[in-house]
Amino acid sequence: MAITGDSRSQFHVLAVDDSLIDRKLIERLLKTSSYQVTTVDSGSKALKFLGFQEDEQSNTDTPFGSPNNHQEVEVNLIITDYCMPGMTGYDLLKKVKESSSLRNIPVVIMSSENVPSRITRCLEEGAEEFFLKPVRLSDLNRLKPHMMKTKIKNQKQEDDQEELKISEIQSDEQQQPVQPPSPQPQPESQPQPQPPPPALLLQHNNNKRKAMEEGLSPDRTRPRYNGIPTMV
Amino acid sequence: MDSVVQLQRQLVDYTVQLFNEGFLDDQFNQLQQLQDESNPDFVVEVVTLFFEDSERLLDELAKALEQQSVDYTKIDAHVHQLKGSSSSIGAQRVQKVCIGFRNFCEERNIEGAKNVCIK
């Protein structure tokens, strides 16, 4: 499967903390664990960085020194302090979970105070984990599974789109595992005569054509995707 | 060469002493572990930041305690910050003192609080 850009091989964490010392610490911890890090000192700056507006924004001129500036700023995890002036970590958590574009990003809350009701509230609001400060290197090991989940989901979506594009152009060699055995290998190179329309439509055309050729039922799009190995 | 080794040894001894006397705790070890060739000055940087930060906070605290009517919310906020940063770098003694300080504040015990500041 095609991998677009090397942002895929690294996880990008957005760390939010009003304390400079804690920001430095968490940045070092995250970098030591081989994550890309962006730090901000407030919840509102975090939302800005995430492109939080009603529309799906892409922030290409972010002043935060973020290392990768592809079309979209992709953040795989948000780790935030709870006690912050203005917007607390809890407020930030709520805003993220209420946003359709951001709610899939796992959020972790940190706090220096061990208040069970606070912890419960955060977890109920959708936080993946609650770390007590000071955060240690070993705590960060708990982050990876959450980030992997989102990555796999995102990758699958992107792989599906790749899949659509590939099948427009190429033969179905790649799709062998799912194809019911056809009598002869499909010389399926169908150079698309028309200029690339929406991939979905093309896929549909493809199916119809193939279906007619193979004499199979046309609505077989779903099974195509089974058995395609997804990259991890 | 020798003098460097000596200094290093002195540093190690001093650090151990600080641990033994409860000035530092395990979090300081964590900081040291995060330092490596690519970030050789990490500990120095963080500790320096801590000193600067603490100085500022202590100034604010002293000022706040001198006021006619003491603003305990402000004081609490400052101490909370100090407690947080000291625990982040492993300055255990400072952290403990902060906790005591906060108790004084809760009891509105100004004299007690002032004494802590002096310490």
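Residues numbered from 1 in each chain as written. Chains lettered and ligands numbered in written order. Predicted model: local features only at pLDDT ≥ 70, side-chain atom pairs only at ≥ 80, totals over all residues. Heavy atoms only, no water.

Chain B appears in an unreviewed UniProt entry as Histidine-containing phosphotransfer protein from Salix koriyanagi.

Chain A goes by two-component response regulator ARR9-LIKE in an unreviewed UniProt entry, where it is assigned to Salix koriyanagi. Entered under Sequence similarities (unreviewed entry) in the UniProt record, the comment concerning chain A runs "Belongs to the ARR family. Type-A subfamily." Its UniProt record gives chain A the following Function (unreviewed entry) comment, quoted word for word: "Functions as a response regulator involved in His-to-Asp phosphorelay signal transduction system. Phosphorylation of the Asp residue in the receiver domain activates the ability of the protein to promote the transcription of target genes. Type-A response regulators seem to act as negative regulators of the cytokinin signaling." (UniProt positions renumbered as here; feature names shortened; annotations may be inferred.)

**Student:** Mind showing me how you'd approach the pairing of strand 5 (residues 129–132) of chain A here?
**Tutor:** Consecutive side chains along a regular strand alternate between the two faces of the sheet. Here strand 4 (residues 107–111) of chain A pairs with strand 5 of chain A via four bridges, running parallel. From the neighbouring strand, Val108(A) faces strand 5 of chain A, where its bridge partner is Glu129(A). (Pairing = 2+ DSSP bridges. Helix = DSSP H or I, 4+ residues; strand = E, 2+ residues; numbered from the N terminus.)

**Student:** Which parts of the structure should I look at to understand the sheet that holds strand 2 (residues 36–40) of chain A?
**Tutor:** Working definition: the strands of a sheet are paired by backbone hydrogen bonds and lie parallel or antiparallel to each other. All names here are of chain A. Reading across the sheet, the five strands line up as 2-1-3-4-5 and stay open at both edges, with parallel pairing between neighbours. This sheet does not close on itself; its edge strands, each paired only once, are strand 2 and strand 5. Strand-to-strand twist of the sheet, defined as the mean angle between neighbouring strand axes without regard to direction, takes the value 20°. With four bridges connecting them, strand 3 (residues 77–81) and strand 4 associate as parallel partners. Pairing of Ile78 across the sheet is with Val107, part of strand 4. Across the face of the sheet, helix 4 (residues 116–125) comes into contact with strand 4 and strand 5 while running at roughly 150° to strand 5. (Axes fitted to C-alpha atoms, helices over the stretch in contact; angles between N-to-C directions. Contact = heavy atoms within 4.5 Å.)

**Student:** Sorry if this is basic, but what is going on with the packing of helix 3 (residues 89–98) of chain A against helix 4 of chain A here?
**Tutor:** Residues and elements named next belong to chain A. Direction vectors running N to C along helix 3 and helix 4 enclose 15°, while the axes themselves pass 10 Å from each other. For the element pair helix 3 / helix 4, the angle class is roughly parallel. In this structure, helix 3 crosses over helix 4, and the sense of that crossing is left-handed. Mapping the contact onto sequence places Tyr90, Leu93, Lys94 and Lys97 in helix 3 and Arg121, Cys122 and Glu125 in helix 4. Across the contact of helix 3 with helix 4, the residue classes break down as three nonpolar, no polar and four charged. (Parallel < 35°, antiparallel > 145°, perpendicular 65-115°, else oblique. Left-handed = near helix turned anticlockwise from the far one by under 90°. Nonpolar A, V, L, I, M, F, W, Y, C, P; charged D, E, K, R; others polar.)

**Student:** In this structure, what is going on with unusual backbone geometry? I would like to understand it.
**Tutor:** Trans is the common state for peptide bonds, and a negative phi is the common state for residues other than glycine. Residues and elements named next belong to chain A. Geometrically, the link from Lys133 to Pro134 is a cis peptide bond, its omega value of 0° lying close to zero. Looking at the secondary structure, you find Pro134 in the loop between strand 5 and helix 5 (137–140). A positive phi is found at Ser34, a non-glycine position, where the angle reads about 65°. Locating Ser34 in the fold gives a position in the loop between helix 1 (20–32) and strand 2.

**Student:** Help me understand the state of the cysteines in this model?
**Tutor:** By definition, a disulfide is the covalent link that joins the sulfur atoms of two cysteine residues. All names here are of chain A. Counted according to the given criterion, the structure contains zero disulfides over all chains. Looking at Cys122, it has no disulfide partner, and the nearest cysteine sulfur is the one in Cys83, 10.0 Å off. Judged by its relative accessible area of 0%, Cys122 is buried. (Disulfide = S-S within 2.5 Å. Buried < 20%, exposed > 50% of the residue type's maximum accessible area, 1.4 Å probe, protein only.)

**Student:** Would you take a moment to explain the interface of chain A and chain B for this structure?
**Tutor:** The accessible area lost on association of the parts is a frequent measure of interface size. Chain A puts 15 residues into the contact, and the matching count from chain B is 22 residues. Here chain A meets chain B over a buried area of about 1,600 Å², counting both sides, of which 59% is carbon and sulfur. Remark: the boundary between chain A and chain B carries three salt bridges. For Arg102(B), the salt bridge is made with Glu113(A), and the minimal N-O distance between the two is 3.3 Å. The tally of links between chain A and chain B comes to six residue pairs in polar contact (both at pLDDT 80 or more). No other element matches helix 1 of chain A, which puts eight residues into the side of chain A that touches chain B. Looking at the side of chain A that touches chain B residue by residue, the class counts come to eight nonpolar, two polar and five charged. (Buried area = accessible area lost by both parts, 1.4 Å probe. Salt bridge = Lys/Arg side-chain N within 4 Å of Asp/Glu carboxyl O. Polar contact = N/O pair within 3.5 Å; in protein donor to acceptor, adjacent residues only side chain to side chain.)

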